[in-house]
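Reading the structure
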Amino acid sequence: MKDFLKMVLAVICGLLLASIISSLFLFGCAGAMAGSGSKPVLPRTGVLKMDLSKVAFSEQVTEQPDFASVLRGGEMITPLSLRQTVDAIGAAANDPTVQFIYLKADGANVTLSQAEELRQALVRFRESGKAVVAYTESPGTGSIYLASAADKIMMSDNCGAGPMIVGVSNRLVFLKDLLDKLGVNVQLIRHGKYKSAGEMFIRNSASPENLEQNRAMVSSLWNTIAAAIAEGRGISVERLNEMVDNLELTDGKSMVRNSLVDELVTREQLKERLATFAMAKSFDEVSMIPLADYVTARTPAANPSAKNKIAIIYAEGEIVEGDGKQEISGDHFASVIAKVRADSTIKGVVLRVASPGGSVLAADKIKTELDLLKKDKPLIASYGDYAASGGYWISNNCDKIYSDATTLTGSIGVFSMIPDFSRTAKDVLRVGINQVSSNKHSDMFSGMRPLDAAEVAYMQASVEDIYSSFVSTVSEGRGLEPDYVDNIAQGRVWTGSEALDIKLVDEIGTLDDALGYMAGLLGGERSSYEIEAYPKPLTPMEQILEMIGQKTSDQNDVLAGTPFAGIGKAFRGWDFASSERVYARMPYVYIFD
């Protein structure tokens, strides 16, 4: 009995100690996060260092640095708002503190559309008369795309610092053969010959329509990237394609020979060049201003009492049902829009969409509130990485739509996916199941038998009805004939540059362009309006609680870093227990190499 009591006391003490340590850690994190709100002190003059491997961009920052990775000995990645970063680069153009920008784009934590908006900001910075100097060690397609906005590109002359510029690719993964072995039968019900969401579960290779849209999409994205690189480096697109196709870019010398890099330098030579550009005697006299510090210092404090505001409503993530604060939950997001509509100090609204879609029910709730808002205030859309399927559903009725050239949009189509695990239970798991139902079709969503013909027709009718509503919504929102919309819909994904040609968007432009247009529409300069972001970012304590309660993350995703990563991201929140739902979303979260 004594030993037992000792053991119980030891366990209790251990739990108390763990609780105390955890509390200290959490309060330390909270203190660090609270401290992160203070403005860093900038030098009187210096170089703005944009090392894009040290920061990660999102539309609206609601997370803090990864403290866990720091404890494991990793490097802290600072989250930054894309808009605030672009604004800070704009401010640097007129800031005597900043001499020039030093850009390191290798290992950039950016998506293609984020890179497009950052590159536009760098181009505008150069147009102000200040220089952008880039350095690369192992340039890839993305880093050269960003670096091509610079006045000068230097590259490491170290052995092994070779280029990997091979263009753009996207992999499509199909699981039917694997699912057959596991006894899983996925029943896909959809409208749209290009609506390939779920196709990975019912085929072992891509359909001709899926291949067609992916080839066109990848080609369009590469054309945008290649045109920018060619213009920035003073070469022809044809010559760039020839170099890439023939694998001519093998080392630093070939990069210089083909005008993609200006000079090969050692680390000491790089320091000497930077000192020269900064008009300093030595590199030790050059003050480097980290990007994150500059963004924090140059982001103006919010003025909630301002009487003239432009609201940015960030629709970022999956569209889901419910009232949660993560992703774009229908009830919560609708209430946010209603609050913006009721605020008389908000004169106009920019809806920033970065969503591949999701629940039709949630999307329609959100669109209903946006339609009400549009009756009271001008409403402009700006598209980021995605504005597809449900993301396009909620935003197509805006007064004007801006899109990045590399945005993925359209995907006007719907589907439902119902799994059948009956063979898995019987042949693989050797489990016997008896279903007891009150009516003939009560168990149609049980996942323990295939749908019969009447049930398939029932689900197809629902899908067809929602597809017709989607087409009608786009027809009214964009002022297009229903037959025309149906022709360009069919679930097909388009890039922003393609969407401009077929009238799904109005103009290729960034969030900055959309804000400028809104200010002009309201009759003033952008600087005369306070920019207010919605939904409101989580407080530090809310962020801690979210981190503690988070069930899944990309870091814990077993598919992360594998060829199946796109599937893992796309179906991370998939709920097979709600198979009766109809979805409007993209087939994958695309990861371009």
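Because the structure is predicted, anything quoted here is derived from the model rather than measured.

Structural notes on the overall build of the protein
- Helix and strand content of the protein: 22 helices and 22 strands.
- Split into buried and exposed, the 593 residues of the protein put 49% on the buried side.
- In the form shown here, the protein has an accessible surface area of approximately 27400 Å², with 54% of it arising from carbon and sulfur atoms.

Considering the packing of helix H13 (residues 330-342) against helix H14 (residues 360-376)
- Running from amino to carboxyl end, H13 crosses H14 at an angle of 5°, the nearest separation of the two axes being 8 Å. Comparing their axes, H14 and H13 come out roughly parallel. Of the residues in H14, those in contact with Gly330, Asp331, Phe333, Ala334, Ile337, Ala338, Val340 and Arg341 of H13 are Ala362, Lys365, Ile366, Glu369, Leu370, Leu372, Leu373 and Asp376.
- Tallied by class, the residues present in the contact of H13 with H14 amount to 10 nonpolar, 1 polar and 5 charged.

Let's talk about helix H20 (residues 511-521)
- Along H20, the residues that are buried comprise Leu511, Ala514, Leu515, Met518 and Ala519. Angularly, the buried residues of H20 cover 135° about the axis, an arc narrow enough to put them on a single face.
- Once H20 ends, the next one or two residues include Gly523, with phi positive near 90°.

Section: the nonpolar core
- If you look at the biggest cluster of nonpolar residues, it comprises 55 residues, and the most contacted ones within it are Leu48, Met50, Leu52, Leu260 and Leu291.
- Per-element accounting of this core gives the leading share, 7 residues, to helix H8 (residues 208-233).
- Other than its neighbours up to four places away in sequence, Leu291 contacts Leu48, Lys49, Met50, Leu52, Val55, Phe57, Leu80 and Thr85.

Quick word on the packing of H8 against helix H9 (residues 237-245)
- Running from N to C, H8 and H9 point in directions that differ by 110°, and their axes come no closer than 9 Å. In terms of orientation, H8 and H9 fall into the roughly perpendicular class. Note that H8 runs across H9; the crossing there is right-handed. Where H8 approaches H9, its residues Trp222, Ala226, Ala227, Ile229 and Ala230 are matched on the opposing element by Val237, Leu240, Asn241 and Val244.
- Among the residues making up the contact of H8 with H9, the classes are represented as 8 nonpolar, 1 polar and no charged.

Focus: the environment of Gly90
- With respect to the helices, strands and loops of the structure, Gly90 is situated in helix H3 (residues 82-93).
- On the accessibility criterion, Gly90 (39% relative accessible area) is partly exposed.

Some remarks on the packing of aromatic side chains
- All chains considered together, the criterion is met by 4 aromatic pairs.
- Each ring, one from Tyr383 and one from Tyr392, has its centre 6.3 Å from the other, and the planes form 70°; the classification is edge-to-face. Each of the two residues, Tyr383 as well as Tyr392, counts as buried.
- Against the face of Tyr534 rests Lys536, its NZ or CZ located 4.5 Å from the ring centre.

Considerations on the sheet that holds strand E1 (residues 46-51)
- Pairing in this open sheet of 6 strands is parallel, and the strands run E8-E6-E5-E4-E1-E9 from one edge to the other. On the outer flanks of this sheet lie strand E8 (263-265) and strand E9 (288-290), each paired with one strand and no other. Sheet twist, expressed as the mean angle between neighbouring strand axes with direction ignored, is 30°.
- Contacts from helix H11 (residues 267-277) reach strand E4 (98-104), strand E5 (132-136), strand E6 (152-156), E8 and E9 within the one sheet, and its direction differs from that of E8 by about 115°.

Focus on unusual backbone geometry
- The omega angle of the peptide bond from Tyr534 to Pro535 is -10°, so this bond is cis rather than trans.
- Mapped onto the elements of the fold, Pro535 is located in the loop between strand E21 (530-534) and helix H21 (540-549).
- At Ser389, a residue that is not glycine, the phi angle is positive and equals roughly 55°.
- By the secondary structure assignment, Ser389 is in the loop between strand E15 (379-388) and helix H15 (390-393).
- You will see that Arg430, though not glycine, has its phi angle at about 60°, which is positive.

Side note on the confidence of the model for the protein
- Averaged over every residue, the pLDDT of the protein is 85; residues scoring 70 or more account for 82%.
- For residues 65-74, every residue scores under 50 in pLDDT, and the model assigns this stretch 15 contacts once sequence neighbours within four places are set aside.
- Taken together, the stretch residues 550-556 has pLDDT below 50 and engages in 5 contacts with residues farther than four places along the chain or on a different chain.

What to know about the environment of Glu238
- Within the secondary structure, Glu238 is located in helix H9.
- Once the C-alpha coordinates of Glu238 and Ala227 are considered, the two residues, 11 residues apart in sequence, prove to be 9.7 Å apart.

Section: empty space enclosed by the protein
- Overall, the coordinates contain 3 cavities of 30 Å³ or more when judged by the stated rule.
- A volume near 40 Å³ is recorded for the second largest cavity.
- In terms of lining residues, the second largest cavity is bounded by Arg83, Val86, Asp87, Glu117, Leu511, Asp512, Leu515 and Arg526.
- Of all the elements in the fold, those that place two or more residues in the lining of the second largest cavity are H3 and H20.
- Class assignment for the residues of the lining of the second largest cavity results in 3 nonpolar, no polar and 5 charged.

Overview of the pattern of salt bridges
- Within this structure, the stated rule accounts for 30 salt bridges.
- Asp512 is the salt-bridge partner of Arg526, the closest N and O atoms lying 2.2 Å from each other. Remark: Asp512 occurs in helix H20 and Arg526 occurs in the loop between H20 and E21; sequence separation between them is 14 residues.
- On the basis of relative accessibility, which here comes to 23%, the residue Asp512 falls in the partly exposed class.
- Here the salt bridges share partners, and the residues they tie into one network are Arg83, Asp87, Arg124, Asp512 and Arg526.

Quick word on the side chain of Thr141
- Relative to the assigned elements, Thr141 resides in helix H5 (residues 141-147).
- For Thr141, a relative accessible area of 10% translates into the label buried.
- A distance of 3.4 Å separates a polar side-chain atom of Thr141 from the backbone nitrogen of Gly167.
- Ignoring sequence-local partners within four residues, the contact set of Thr141 consists of Met164, Ile165, Val166, Gly167, Trp222, Ile225 and Ile229.

Calculation notes
Residues numbered from 1 in each chain as written. Predicted model: local features only at pLDDT ≥ 70, side-chain atom pairs only at ≥ 80, totals over all residues. Heavy atoms only, no water. Helix = DSSP H or I, 4+ residues; strand = E, 2+ residues; numbered from the N terminus. Buried < 20%, exposed > 50% of the residue type's maximum accessible area, 1.4 Å probe, protein only. Areas by Shrake-Rupley, 256 points an atom, 1.4 Å probe, with all protein chains shown as cover. Axes fitted to C-alpha atoms, helices over the stretch in contact; angles between N-to-C directions. Parallel < 35°, antiparallel > 145°, perpendicular 65-115°, else oblique. Contact = heavy atoms within 4.5 Å. Nonpolar A, V, L, I, M, F, W, Y, C, P; charged D, E, K, R; others polar. Arc of directions from axis to C-beta. Core = buried A, V, L, I, M, F, W, Y, C linked by side-chain atoms within 4.5 Å. Left-handed = near helix turned anticlockwise from the far one by under 90°. Phe/Tyr/Trp six-rings, centres within 6.5 Å; stacked < 30°, edge-to-face > 60°. Lys NZ or Arg CZ within 6 Å of the ring centre and 35° of its normal. Pairing = 2+ DSSP bridges. pLDDT = per-residue confidence, 0-100. 1 Å grid on protein atoms, 1.4 Å probe; cavity = no way out; pocket = protein on both sides within 12 Å on 5 of 7 lines; lining within 4 Å. Points joined across faces, edges and corners; volume = space filled by probe spheres on them. Salt bridge = Lys/Arg side-chain N within 4 Å of Asp/Glu carboxyl O. Polar contact = N/O pair within 3.5 Å; in protein donor to acceptor, adjacent residues only side chain to side chain.

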